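# A closer look at the structure
Single-letter residue listing:
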Amino acid sequence: METGPRRFPLSNGQSWTIGRGDGCEVMLDSRSVSRLHALIQKRDTGDFSLVDLGSRNGSFVNSHRVTIPVVLNDRDRLQFGDQELLFHNPVRSTASSGGGGLDDRNAPTTQMHTNNLATIVVVDIRDFTPLAQKVPEALLSQTIGTWFLKVGQVTQRQGSWAQKYIGDAVMAVWVHDNRDYLQGDVMRALRAVHEINRATAEISSALPLPGPLRIGAGVNTGPAILGGNEFTALGDAVNQAFRLEAATKVMGLSVALGERTYSELALPVLNPFSRREVELKGLGLKTAFGISFEELQAFLAGRE
């Protein structure tokens, strides 16, 4: 902090809340700072981004107000109310500059774990672009920032290995190290989807938006490349999860499961999931199993 020698290390975890409320990782003792003011998130690239959470007095980076997630650079000046901080990430700055400092080509190779079985969940806010054109920037920032925060809390509580924030979507990963617990892991992923929908509805009702927020979700299980310092998830299983989320719009349902995800649930023939053949962009014709959020809630309640 510019006002004193306090330092807030961003080393453990993937997101850190800023505010004067209890539980904030970056706690600022000033009435000009909202209880839950802003959020810093570590991205899969190793960069950090700042999201304002609809604070009363705003968040600023180098005197520019934050309305959408902003990537932070080394020595950026951050202001929350009357509190000013300096952001430091010198290693990343040197590595990305291409100058005479650290050369990524000669850095230690990041370990990747191939063919890990994982369940990938992709959740996207529907019709976000029209929403962004209708509401003030401050309200849009509060909406997406609060949504990111709630989604992160839900997925971590349900055992997600990592989360990635992409525009108006979130990807969460469950790694199946022990196949004996695979069905339980898939159920936790589905509970996360249900809780995210419930949190989305709560945010929608609490904010003066022109209409209700709606989401869609794709869930897919398969081998993926996982690991590295940035908690990366790559591969066809990941790509299919994104395509399944997009396919929910065509299916007219809220959630779409891939074949492996569905089979791991070991359901009887009569169940609430609807089998569909869908064309997934770049992947061809695939079998998906769709369900509405209302049916998903009843299904999860019956499995408790």
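Just so it is clear, the model here is predicted, and its values are computed rather than measured. (Residues numbered from 1 in each chain as written. Predicted model: local features only at pLDDT ≥ 70, side-chain atom pairs only at ≥ 80, totals over all residues. Heavy atoms only, no water.)

A few words on the overall build of the chain. When its secondary structure is counted, the chain shows 7 helices and 17 strands. Counting all 304 residues of the chain, 49% fall into the buried class. Surface summary for the chain: the accessible area is close to 15,400 Å², and the carbon and sulfur share equals 47%. (Helix = DSSP H or I, 4+ residues; strand = E, 2+ residues; numbered from the N terminus. Buried < 20%, exposed > 50% of the residue type's maximum accessible area, 1.4 Å probe, protein only. Areas by Shrake-Rupley, 256 points an atom, 1.4 Å probe, with all protein chains shown as cover.)

With that settled, the discussion passes to the nonpolar core. In terms of nonpolar packing, the biggest core is built from 49 residues, with W147, V255, L265, F273, L296 and F299 touching the most fellow members. For this core, the element with the most residues is helix α4 (residues 182-206), which contributes 9 residues. What W147 contacts, discounting residues up to four positions off in sequence, is V123, I125, D168, A169, V170, I196, T200, I203 and I215. Counting 16 residues, the second-largest nonpolar core is a separate cluster that includes V26, L28, L72 and L78. (Core = buried A, V, L, I, M, F, W, Y, C linked by side-chain atoms within 4.5 Å. Contact = heavy atoms within 4.5 Å.)

As a further point, take the sheet that holds strand β1 (residues 15-19). Taken in spatial order, the 5 strands of this open sheet run β2-β1-β3-β4-β7, and their pairing is mixed. Only two strands of the sheet have a single neighbouring strand rather than two, namely β2 (26-27) and β7 (70-72). The pairing of strand β3 (residues 38-42) with strand β4 (residues 48-52) spans 5 bridges and is classified as antiparallel. Opposite K42, over in β4, you have F48 as the bridge partner. (Pairing = 2+ DSSP bridges.)

So, on to the pairing of strand β16 (residues 274-280). With 7 bridges connecting them, β16 and strand β17 (residues 284-291) associate as antiparallel partners. Bridge pairing links R275 to F289 in β17. In sequence, β16 turns back onto β17 through a hairpin of 3 residues, with G282 there showing a positive phi of about 80°.

Right, let's get into the sheet that holds strand β9 (residues 83-86). In spatial order, the strands read β6-β5-β8-β9; together these 4 strands make up an open sheet with antiparallel pairing. Either end of the sheet is taken by a strand with one partner, and the two such strands are β6 (64-65) and β9. Note: strand β5 (residues 59-61) against strand β8 (residues 77-80), 3 bridges, orientation antiparallel. Bridge pairing in β8 places S59 opposite F80.

Turning our eyes to something else, we now look at the pattern of salt bridges. The final tally for this structure, using the stated rule, is 6 salt bridges. Salt-bridge contacts for E264 lead to R260; the nearest nitrogen and oxygen are separated by 2.7 Å. Here the residue E264 and the residue R260 both occupy positions in helix α6 (residues 259-264), the gap between them amounting to 4 residues, near one helical turn. Here R260 falls in the partly exposed class, since its relative accessible area comes to 33%. Between E277 and R275 there is a salt bridge; the shortest N-O distance is 3.7 Å. By relative accessible area, which is 55% here, R275 ends up exposed. (Salt bridge = Lys/Arg side-chain N within 4 Å of Asp/Glu carboxyl O.)

Note that I225 resides in strand β13 (residues 215-227). Spatially, the C-alpha atom of I225 lies 9.4 Å from that of A237, the residues being 12 residues apart in sequence.

One non-glycine residue, R75, lies in the positive phi region at around 70°. On the secondary structure map, R75 appears in the loop between β7 and β8. At A266, a residue that is not glycine, the phi angle is positive and equals roughly 50°.

Further remarks concern the side chain of S292. With respect to the helices and strands, S292 occurs in the loop between β17 and α7 (293-302). The exposure class of S292 is buried, given its relative accessible area of 14%. Once residues lying within four places of it in the same chain are set aside, the contact partners of S292 are L253 and S254.

As a further point, take the confidence of the model for the chain. Looking at the chain as a whole, the pLDDT averages 85, with 87% of positions reaching at least 70. The least confident element of the chain is helix α1 (residues 90-97), whose mean pLDDT is 59; the most confident is strand β15 (residues 255-257), at 98. Throughout residues 96-111 the model reports pLDDT below 50, and contacts reaching past four residues in sequence, or to other chains, amount to 9 contacts. (pLDDT = per-residue confidence, 0-100.)

As a further point, take the pairing of β8. Across a regular strand the side chains alternate sides, sitting on one face of the sheet and then on the other. Here β8 shows a clear split, with L78 and F80 buried on one side and none of R77 and Q79 buried on the other. Note that β8 and β9 share 4 bridges and pair antiparallel. If you follow R77 over to β9, its bridge partner there is L86. Linking β8 to β9, which pair antiparallel, is a turn of 2 residues; within it G81 sits at a positive phi near 60°.

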